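# Close look at the chain arrangement
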Amino acid sequence: MNYTHRHAELVSVFTPDKDICLPDSKVRIKYFSFESQMPKTGSFIKTDSLISENSQFTYPVFFPSKDTTFKNAILLLHGLNERFWNKYLTWAEFLCYSTGKPVILFPIAFHMNRSPLAWTNPRVLKPLLDLRKIQTGNDRSLSFANIAFSQRITENPFRFYNSGRQSLNDISNLLLQIKNGQHACFAENTGIDVFAYSIGAFLSQIAFMGDTKGLFTDSRLFMFCGGSVFSAMFGESRSIMDRTAFEKLYQFYQNDFSGASEQSEMQDAALESFLTMIAPDRNPEKRQTFFSKMGDRLKGISLFQDKVIPYSGVIQALGQECAASHISLLDFPYRYEHEQPFPVSETHKPELINRSFLQVFNTAAGFLA
């Protein structure tokens, strides 16, 4: 396999909302519709409820070529402020082919195709970008890629939590639909494991800890470039959010959110789990005991040069012993970053990138098979 070449091939044939059979592959992609209900939290933002793309959307599923009703699946959760599935096409195809299981790519609220096209249109965004440059002193971390997310978080940092709440609710409803035998492609009581990257891992940790419905009782969780407590994350990036937004977000959840959340109508296990994942001193015994008890259902890979979600934050979340037992720390022999662990721009190093990709995904596939 040549990762760089395969990535380019899949991006060239992938069309949102179009069912296709992937070229030179036994894997096919099929789309399904989903309707989301926004939870009424104490921080409910009326304007966000009017974003129709976030309420009604589609999600792609990668299937092995065989035509059958499946009894197992893998749920793949992506990173923060992502608008396109391109990075994940090769990941999903490899997991699907290697495990023989369908891979469900489910979008987090207000991400991927759950956001207006205007949020990715440079022509529409340029006036906002120019204004924000003036307001932030020409912050070099500001970009077309992060301007929409940065502006929304700066306006109201509660949106980070609201997006997570809605996503958790959606994932719960999706899994209930599948496990109740109400999905056309899955058998009743289908087993569902999770491959979670970046903020998707943070969301998964909260979902597993706050699982009052027993949806993840037997599920395995593989975390790639994820698993940290919130306080150890560093989200300032031209791909994620600018400095102003990150500082606002960090300050809010470190200092203000606990008091504000007391006014929320959603006082439940999910909120408690979220609060537990904010900082290492927030209920550490409960958090670390939970992940330790997961035992062989937990595995992951962190990267040495990952500045966004560092391994030190994973240790704080899981505890030293659990992290050492279940999370491997790797380093790749080329220039990479959290947002692009397998940079296709490094065209002069395809063999090294391919070797690193296989090192990660052979491990993930072996664990999730």
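Summarised in this report is the structure supplied together with it.

Before going further, it helps to spend a moment on the pattern of salt bridges. Scanning the entire structure with this criterion turns up 15 salt bridges. Taking the shortest distance from any N to any O, the salt bridge between Arg-114 and Asp-170 comes out at 2.8 Å. Taken together, the positions of Arg-114 in the loop between β5 (103-105) and α5 (122-135) and Asp-170 in helix α7 (residues 158-179) put the pair 56 residues apart, joining distant regions of the chain. For the pair shown, Arg-114 and Asp-170 are each scored as buried. Across the pair Glu-236 and Arg-243 runs a salt bridge whose closest N-O atoms are separated by 3.7 Å. Residue Glu-236 is classed as partly exposed on the basis of its relative accessible area of 22%. Given the relative accessible area of 35%, Arg-243 is considered partly exposed.

An order of β1-β2-β3-β5-β4-β6-β7-β8-β9 is seen for the 9 strands of this open sheet, with the pairing classed as mixed. In the strand order of this sheet, the two ends are held by β1 (20-21) and β9 (327-330), each with one partner. As paired strands, strand β3 (residues 56-64) and β5 are joined by 2 bridges and run antiparallel to one another. Residue Val-61 lies in a different strand from β5, and its bridge partner there is Ile-104. Along the sheet face, helix α12 (residues 311-318) touches β7 (221-224), β8 (298-303) and β9 and points at about 170° away from the line of β9.

Think of a ball as big as a water molecule: rolled over the atoms, this probe shows where empty space is left. Estimates place the volume of the largest pocket at around 620 Å³. Lining the largest pocket are 27 residues, with Asn-81, Glu-82, Phe-84, Ser-239 and Gln-340 positioned closest to its centre. Of all the secondary-structure elements, those providing two or more residues to the lining of the largest pocket are α1 (3-13), α4 (86-99), α5 and α6 (147-155).

Packed helices, taken two at a time, are described by the angle their axes make and the gap between the axes. Two numbers describe how α4 lies on helix α14 (residues 350-368): the axes approach to 9 Å, and their chain directions differ by 45°. Classified by the angle their axes make, α4 and α14 are oblique. Considering the relative orientation of α4 and α14, their crossing is right-handed. Along the contact surface, α4 presents Thr-90, Trp-91, Phe-94, Leu-95, Ser-98 and Thr-99, while α14 presents Phe-357, Leu-358, Phe-361, Asn-362, Ala-364, Ala-365 and Leu-368.

Conventions used here
- Residues numbered from 1 in each chain as written.
- Predicted model: local features only at pLDDT ≥ 70, side-chain atom pairs only at ≥ 80, totals over all residues.
- Heavy atoms only, no water.
- Salt bridge = Lys/Arg side-chain N within 4 Å of Asp/Glu carboxyl O.
- Helix = DSSP H or I, 4+ residues; strand = E, 2+ residues; numbered from the N terminus.
- Buried < 20%, exposed > 50% of the residue type's maximum accessible area, 1.4 Å probe, protein only.
- Pairing = 2+ DSSP bridges.
- Contact = heavy atoms within 4.5 Å.
- Axes fitted to C-alpha atoms, helices over the stretch in contact; angles between N-to-C directions.
- 1 Å grid on protein atoms, 1.4 Å probe; cavity = no way out; pocket = protein on both sides within 12 Å on 5 of 7 lines; lining within 4 Å.
- Points joined across faces, edges and corners; volume = space filled by probe spheres on them.
- Parallel < 35°, antiparallel > 145°, perpendicular 65-115°, else oblique.
- Left-handed = near helix turned anticlockwise from the far one by under 90°.

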